[in-house]
Amino acid sequence: MTLRLLDKADREILKLPRPVKGAIYDFQHKFKTNPDSAGLRLKQLQGHDKLYSARINDEYRALLLRLADDDWLIVSVKHRKDVYAHLDRLTYSVNRVTGGIEYVDLQVVQEEVLSPPAPQTATPSLPAEPLHPAEPAAAQPLFEKWSEQQLTDLGVAPSLIPVVAALTTEDQLLGLVEYAPQLTGEVLLALYDGKAYDDVLEQVTAPVAAPEPVDTEDFRAAVARPATIVTTTDDALREALEGEDFGRWKVFLHPPQAKLVTRDYSGPARVGGGPGTGTGTGTGKTIVALHRVKHLVEQLPAGRTKPVLLTTYNKNLAADLRSRLLALGGEPLLSRVEISHVDQLALRTVREAEPGNRKRIIDEAQAVREWRSLLDELGEDGWDAEFLNDEWTQVILGQAVTSRTDYFRARRAGRGRTVSRSERAEIWQLAERFTQRLDRLEVQTWDQIAERAAQLETERARRIQAIDRQREEAGGLDNIHMADGSGGWLRYRYRHIVVDEAQDLRPAHWKMLRAMTAPDRNDLFLVGDTHQRIYKNQVTLGSLGINIRGRSSKLSLSYRTTRQILRSALNVLGQETYADLDGSTETLAGYRSVLSGAVPDLHRLNDWEDEREAIAALIESWGDVPHEQIAIAVPTNDMAREVAYTLREHGVMALEIGPDGPRGDSGVHIGTMFRFKGLEYQRMIIAGVTDGLVPRASVQQRRTTDPARYRTEMQRARSLLFVAATRARDSLDVFWHGEPSPFLEELIKVRPPVAA
């Protein structure tokens with residue numbers, strides 16, 4: 001006996017009292033054991049050939065579709081008094097576009113979405129004859145410009161077409177979205193947002209359309225399609241009933257995500273999209289990456305090795321990926337996957353090949369300080385330390401330049417400032433002195449480690465390829481497959497590599513990863529969003545041997561951020577154009593949310609101290625909101641410490657987020673905007689969004705001295721604020737003192753700030 005749970009029913013169940021959820025869990029055990037048990041009272045509902053009811057407990061009933069003799073689908077859970085009153089208003093069908101099963105309670109839609117206000121009782125003092133005031137203009141239907149056929153072709157549920165035709169307000173539309181099948185809601189929201197019909201057809205409907213003709217009478221085939229989002233196992237049902245976001249989306253994946261997870265790719269593939277696209281907590285693309293790892297592991301032959309690598313740029317996120325993957329598939333899944341943040345992977349590779357290399361590692365800020373010290377010692381005042389550090393990391397190290405002649409030939413695309421041949425000669429001489437300085441201090445940078453790891457892995461890949469050619473020439477004899485220095489067979493380190501937050505990796509990282517797996521089907525799977533690129537690493541994958549042309553997909557539906565917050569965040573990005581990972585332009589066209597909430601609040605204060613006091617008062621006004629679900633992002637570490645101090649003065653626990661995550665277990669999370677990559681919170685506060693802080697004053701100074709670098713730095717600053725804003729689920733509050741950041745200009749036009 002198979003008993004499935006439709007995802008719409010799951011959302012309905014999450015609103016029920018905990019004892020009822022427990023009863024549902026017990027019910028599914030009893031039903032699968034013996035659906036004809038007298039205690040379940042299974043019976044066919046009058047007027048329906050497939051719809052049945054069964055007893056969960058004294059108060060609640062399950063509504064089930066009978067797909068076959070031994071295959072049932074729970075489509076709703078209702079109080080018993082609501083089951084039999086409007087049986088003719090319960091509709092279920094197979095969508096002719098997606099081929100998925102859709103269930104709609106038209107009575108609930110009518111009552112919750114379209115019910116008119118109760119008529120007022122006549123007042124005795126009114127005159128006997130009506131005054132006949134001028135009739136108000138009739139409200140304009142929201143979707144009158146689209147025909148019934150057009151809406152049906154887009155995938156709108158036919159039973160809801162009359163309801164759609166009656167919608168006149170955004171509140172009604174958002175109410176319908178809550179009860180409508182998912183595709184119906186997405187199509188209507190996209191049309192309401194002003195998307196062209198053909199764009200909606202291409203961006204919303206086409207990705208979930210069934211590849212074959214749909215038999216709308218075949219419910220058994222329909223339940224097997226990705227468009228019917230269901231769960232069947234006891235464990236999966238328990239996860240869904242727990243009500244936690246990640247627990248729920250370990251079970252349910254939206255059809256576009258499910259297709260990407262299970263697709264067989266002929267080579268490297270990439271999935272893009274805005275923040276929160278897909279499903280689950282954290283970023284939705286991360287959920288897709290985790291499910292992709294699980295799918296790849298399930299295709300592996302039995303063994304004890306770890307042929308799948310899951311990596312990302314952010315150390316905190318790497319730790320989070322490990323815990324999520326463990327929750328998704330347990331130890332058996334974790335035992336076949338190597339999980340590492342990419343810098344740690346590079347460091348391990350270098351130390352494995354060079355065990356004597358124990359140089360201390362310095363970060364970028366320390367490297368810039370060393371550049372300044374070098375320039376001071378040499379009496380050089382014509383060069384900027386940050387410019388030289390970027391030139392060294394992005395051009396010299398990034399292109400593995402090893403000689404002055406090669407540097408003269410090196411491409412400097414995207415570097416902005418042009419340099420003459422004589423200037424290149426000066427830069428090369430300074431770069432040589434800088435590397436000598438680092439050697440003398442016995443330190444190295446992460447960029448050096450990444451480049452060295454890329455060289456080592458590239459050489460290893462060349463040796464493997466040479467051995468493979470020898471084997472082919474020798475007729476495939478295994479004894480030609482020579483051993484490496486450790487006595488083991490020389491082979492690629494991984495069969496599959498999955499990369500989260502791909503936009504943040506350095507060129508050297510990509511060269512290393514490309515060499516770590518054989519060019520083959522499903523070798524590399526990348527997820528990321530270049531609008532969230534907050535580091536300096538810009539790459540074109542094709543130039544690094546990773547060709548994703550024809551294998552790129554984009555997710556466009558946010559399940560985390562409300563429409564109101566999303567609009568505000570997109571305004572922060574302005575009209576900037578963003579390069580994707582393969583030399584083309586990336587846009588968030590079609591990016592949308594099905595969630596609705598409050599418009600973000602803007603707060604203008606007199607000074608930084610007033611900001612901190614206002615933030616403390618706001619958090620106190622939120623009452624029972626768990627402090628761990630509140631976050632405050634600020635421009636600098638000093639500001640983070642000052643906000644934490646003010647909150648503690650008000651009796652509010654505060655946790656600063658460091659390189660390894662929050663420093664404690666309970667309290668409001670506070671950190672720089674960089675620290676919030678990959679995280680999410682119920683309520684988000686962004687403070688200190690003041691001109692000169694966001695972006696930094698040093699960026700503005702480059703407007704005339706280095707226009708190209710100015711544009712790049714401004715884009716990164718916009719992306720950083722965009723990332724911070726889209727960490728919010730329910731509410732977003734933005735604070736500043738003095739002059740607001742220029743990035744807030746459009747927001748202030750729409751939402752005047754609350755004055756001090």
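This text follows the structure it describes.
Now for a description of the structure that goes with this document. (Residues numbered from 1 in each chain as written. Predicted model: local features only at pLDDT ≥ 70, side-chain atom pairs only at ≥ 80, totals over all residues. Heavy atoms only, no water.)

Some thoughts on the overall build of the chain
Argument step 1. Scanning the chain for helices and strands turns up 29 helices and 27 strands.
Argument step 2. Going through the 756 residues of the chain one by one, you find that 54% of them count as buried.
Argument step 3. For the chain, the accessible area works out to roughly 34,300 Å², and carbon and sulfur atoms hold 48% of it. (Helix = DSSP H or I, 4+ residues; strand = E, 2+ residues; numbered from the N terminus. Buried < 20%, exposed > 50% of the residue type's maximum accessible area, 1.4 Å probe, protein only. Areas by Shrake-Rupley, 256 points an atom, 1.4 Å probe, with all protein chains shown as cover.)

Details of the sheet that holds strand β11 (residues 337-341)
Argument step 1. What the six strands build is an open sheet, ordered β11-β10-β14-β15-β9-β16; its pairing is parallel. Whereas interior strands pair on both sides, the edge strands pair on one side only; in this sheet they are β11 and β16 (552-555). On average, each strand axis in the sheet is inclined to that of its neighbour by 15°, with strand direction left out of account.
Argument step 2. Sheet analysis places strand β14 (residues 496-500) next to strand β15 (residues 524-527), joined by three bridges and oriented parallel. Pairing of V499 across the sheet is with L526, part of β15.
Argument step 3. Across the sheet, helix α16 (residues 342-353) touches β10 (308-312) and β11, and the angle it forms with β11 is around 105°. (Pairing = 2+ DSSP bridges. Axes fitted to C-alpha atoms, helices over the stretch in contact; angles between N-to-C directions. Contact = heavy atoms within 4.5 Å.)

A few points about α16
Argument step 1. Counted at 1.5 Å a residue, the expected span for α16 with its 12 residues is 16 Å, and the 17 Å between its end C-alpha atoms agrees.
Argument step 2. Listed in full, the buried residues belonging to α16 are V342, D343, L345, A346, L347, T349 and V350.
Argument step 3. On its buried face, α16 sits against β10, β11, β12 (360-362), α21 (446-473) and α22 (507-516). (Expected span 1.5 Å × (residues − 1).)

Focus on a negative patch on the surface
Argument step 1. Residues D607, E609, E613 and E649 make up a contiguous surface patch of negative charge.
Argument step 2. In this structure, D607 sits in the loop between β21 (601-605) and α24 (608-621).
Argument step 3. Given a relative accessible area of 32%, D607 falls into the partly exposed group. (Patch = residues over 30% accessible without salt bridge, like charges linked within 9 Å, V, L, I, M, F, W, Y side chains within 5 Å. Salt bridge = Lys/Arg side-chain N within 4 Å of Asp/Glu carboxyl O. Lys, Arg positive; Asp, Glu negative; His and termini not counted. Charge placed at Lys NZ, Arg CZ, Asp CG, Glu CD.)

What about the sheet that holds strand β2 (residues 43-44)?
Argument step 1. What the six strands build is an open sheet, ordered β2-β3-β4-β5-β1-β8; its pairing is mixed. A single partner strand is all that each edge strand has here, and the edge strands are β2 and β8 (230-231).

A word on the pairing of strand β6 (residues 90-94)
Looking down a regular strand, the side chains alternate between one sheet face and the other.
Argument step 1. Among the five residues in β6, four count as buried, and that is most of the element.
Argument step 2. Examined bridge by bridge, β6 and strand β7 (residues 101-105) share five bridges and lie antiparallel to one another. Looking at the pairing, Y92 lines up with Y103 of β7.
Argument step 3. Connecting the antiparallel pair β6 and β7 is a turn made up of six residues, with G99 showing a positive phi of about 75°.

Comments concerning unusual backbone geometry
Argument step 1. In this model, V694 is joined to P695 through a cis peptide bond whose omega is -5°.
Argument step 2. As for its placement among the helices and strands, P695 is situated in the loop between β26 (681-686) and α26 (697-700).
Argument step 3. Residues other than glycine seldom take positive phi values, yet E442 does so here, at roughly 55°.
Argument step 4. Its place among the elements puts E442 in the loop between α20 (421-441) and β13 (443-445).
Argument step 5. Look at E501: it is not a glycine, yet its phi comes out positive at around 55°.
Argument step 6. Note on placement: E501 falls in the loop between β14 and α22.

That is the geometry; function is a separate question.
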